[in-house]
Amino acid sequence: MIRVVTLLFVVLFAFGCKNKADFSSIDKEKTMELPIGDYSIYYQYNNPDTTFLLPQDLVEISGLAYSDYSKMLITINDEKGDVHFINTNTGFRKSKIHFGSNDDYEGIAYHNDKIYITESNGNVKIIDEPSTGRIFINLSNNSKNPLSRKNNIEGLCYSPITNTMLLLAKGNNQIKGNVGNGKSVFSMDLSTAIIDNSPLFTMDVSEFVSNQQLLEPNNNYWKEKSIISSIYKFAPSGIAIHPKTFDFYILSSVASSICILDNNGSIMAYYLLDPNTNPQPEGITFDSQGTLYIANEGKNQKPKINKYLPLK
């Protein structure tokens with residue numbers, strides 16, 4: 001059943017044709033109630049149920065995941081070789097483990113009592129969580145990894161659909177170079193640790209979006225910004241899969257937005273986030289009940305994690 005919700009962000013619906021979307025009809029002054037599609041799960045992205053302020057050593061928080069083993073959020077700081085464990089009820093950091101030297105760590109994921117961490121060049125480290133940070137497998141500089149810093153891997157998550165680890169590229173959408181303006185997701189086989197040379201899917205917000213309607217935030221931020229520009233600047237920073245619908249949720253820190261795709265990689269909706277609520281969204285994850293968490297770097301304020309309970 002289609003539900004109608006008053007939202008304070010942009011909702012953009014997808015279409016199947018390959019023609020360039022026409023943005024000339026966007027009404028930047030319009031506020032309205034809008035049906036957002038036949039979703040079973042809703043979140044009020046600009047009105048989190050709880051906000052957790054994080055310690056300053058997570059000011060460059062870059063990835064976020066949920067651990068079924070510890071029942072906690074796990075996260076990393078961009079340049080430090082530490083995994084932090086955050087209580088999902090209090091937001092307090094329970095512990096952290098050191099796993100390696102400083103590097104450009106961007107994504108973190110969890111599966112089968114293992115923590116997966118990717119660097120921006122696609123190198124993956126696998127940590128045995130029940131231990132104290134022992135690196136179980138290190139794929140750095142391994143011939144199984146065809147990616148490079150030009151792909152600029154920003155996000156990582158486990159896919160129960162394909163039983164693979166997914167790597168989200170902010171840079172080149174192919175192993176070498178770009179095809180079009182889209183952004184790609186690559187997959188890594190868990191049994192062989194081989195990253196596929198071909199993307200699992202490539203998304204292009206500007207091409208797939210056809211029906212655009214704008215809802216103005218109370219702070220009038222988007223009245224001062226170019227909506228069209230934000231669409232073309234979509235630069236992925238985090239990826240998660242909903243545990244109930246198996247839809248992809250992909251963040252963009254640059255455009256402060258979130259894109260939702262079905263499990264075939266087709267765009268269903270696109271939201272502009274209120275930058276006061278999510279000033280620099282870098283990490284996204286769900287717990288097993290479908291509660292959503294979005295991590296923000298400390299952009300002129302404390303780093304934080306926003307927690308969203310699903311609306312039924």
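Residue numbers run consecutively from 1 along every chain, following the written order of its sequence. Confidence filtering applies because this is a predicted model: local features only for residues at pLDDT of at least 70, side-chain atom pairs given and counted only at 80 or more, and all residues used for totals across whole chains, interfaces and linings. Based on all heavy atoms of the structure, the side-chain values leave hydrogens and waters out of the count.

Regarding the overall build of the protein
Okay, so step 1: A count of helical and extended segments in the protein gives two helices and 24 strands.
Okay, so step 2: Burial statistics for the protein: of 312 residues in total, 57% are counted as buried. Helix and strand assignments follow DSSP, with helices taken as H or I runs no shorter than four residues and strands as E runs no shorter than two, numbered in order from the N terminus. Exposure classes here rest on a 1.4 Å probe applied to the protein chains alone. A residue is buried below 20% of its type maximum, exposed above 50%, and partly exposed in between.

Some points on the sheet that holds strand β20 (residues 257-261)
Okay, so step 1: If DSSP finds at least two bridges between two strands, the strands pair. Reading across the sheet, the four strands line up as β18-β19-β20-β21 and stay open at both edges, with antiparallel pairing between neighbours. At either end of the open sheet lies a strand with only one pairing partner, and these are β18 (236-241) and β21 (267-272). The mean angle between the axes of side-by-side strands here comes to 15 degrees, regardless of whether they run parallel or antiparallel.
Okay, so step 2: Pairing analysis gives five bridges linking strand β19 (residues 248-252) to β20, with the strands arranged antiparallel. Paired with Ser252 across the bridge in β20 is Ser257. Helix axes are fitted only over the stretch in contact, all axes being lines through C-alpha atoms; the angle between N-to-C directions runs from 0 to 180 degrees.

A closer look at the sheet that holds strand β13 (residues 153-159)
Okay, so step 1: The four strands lie next to each other as β13-β14-β15-β16, forming an open sheet whose pairing is antiparallel. Among the strands making up the open sheet, the edge pair consists of β13 and β16 (201-203). Each adjacent strand pair in this sheet contributes to an overall mean axis angle of 25 degrees, direction not counted.
Okay, so step 2: In terms of strand pairing, strand β15 (residues 183-189) meets β16 through three bridges, oriented antiparallel. Within the sheet, the bridge partner assigned to Val185 lies in β16 and is Phe201.

Points about the confidence of the model for the protein
Okay, so step 1: Averaged over all residues, the pLDDT of the protein is 79; the fraction at 70 or higher stands at 76%.
Okay, so step 2: Here residues 210-225 scores under 50 on pLDDT; set against residues more than four positions off or in separate chains, the count is 52 contacts. Confidence of the predictor at the level of single residues is given by pLDDT, which spans 0 to 100. Note on definitions: a residue-residue contact is assigned when non-hydrogen atoms from the two residues lie within 4.5 Å.

What about the side chain of Thr88?
Okay, so step 1: The topology assignment puts Thr88 in the loop between β7 (82-86) and β8 (93-98).
Okay, so step 2: Take Thr88: its relative accessible area is 12%, and that puts it in the buried class.
Okay, so step 3: The contact partners of Thr88, leaving out residues within four places of it in the chain, are Phe52, Tyr66, Lys71, Met72, Leu73, Tyr293 and Lys307.

Some remarks on the pattern of salt bridges
Okay, so step 1: When a carboxyl oxygen of Asp or Glu lies within 4 Å of a side-chain nitrogen of Lys or Arg, that pair is called a salt bridge. For the structure shown, the criterion picks out six salt bridges.
Okay, so step 2: The salt bridge partner of Asp103 is Arg149, with a shortest N-O separation of 3.9 Å. Highlighted residues: Asp103 in the loop between β8 and β9 (105-111) and Arg149 in the loop between β12 (135-138) and β13, separated in sequence by 46 residues.
Okay, so step 3: The residue Glu154 makes a salt bridge to Lys170 at a minimum N-O spacing of 3.7 Å. With Glu154 in strand β13 and Lys170 in the loop between β14 (164-169) and β15, this pair connects stretches of sequence that are 16 residues apart.
Okay, so step 4: When its relative accessible area of 6% is taken as the criterion, Glu154 is described as buried.
Okay, so step 5: Using a relative accessible area of 24% as the deciding quantity, one classes Lys170 as partly exposed.
Okay, so step 6: What you see here is one network of salt bridges that share partners, running through Asp57, Arg93 and Lys96.

A look at the packing of aromatic side chains
Okay, so step 1: Pairing of aromatic rings covers Phe, Tyr and Trp, the last counted by its six-membered ring, and requires centre-to-centre distances within 6.5 Å; plane angles under 30 degrees mean stacked, over 60 mean edge-to-face, and any other angle means tilted. Following the criterion strictly, the structure yields six aromatic pairs and no others.
Okay, so step 2: A ring pair is formed by Tyr45 and Tyr308, whose centres lie 6.2 Å apart and whose planes are at 55 degrees; its orientation type is tilted. With Tyr45 in the loop between β3 (34-35) and β4 (50-53) and Tyr308 in strand β24 (residues 304-308), this residue pair connects regions lying 263 residues apart in the sequence.
Okay, so step 3: Put simply, the rings of Tyr43, Tyr45, Tyr249, Phe286 and Tyr308 touch in pairs and so form one group of aromatic residues.

A look at the side chain of Ser253
Okay, so step 1: Turning to its location among the elements, Ser253 is positioned in the loop between β19 and β20.
Okay, so step 2: For Ser253, a relative accessible area of 14% translates into the label buried.
Okay, so step 3: Whenever two N or O atoms come within 3.5 Å, that pair is a polar contact, provided that in protein one can donate a hydrogen and the other can accept it, and provided that, for residues adjacent in sequence, both atoms are side-chain atoms. A distance of 3.1 Å separates a polar atom in the side chain of Ser253 from a polar atom in the side chain of Glu282.
Okay, so step 4: Filtering out sequence-adjacent residues up to four positions away, Ser253 remains in contact with Ala235, Ser237, Gln280, Pro281 and Glu282.

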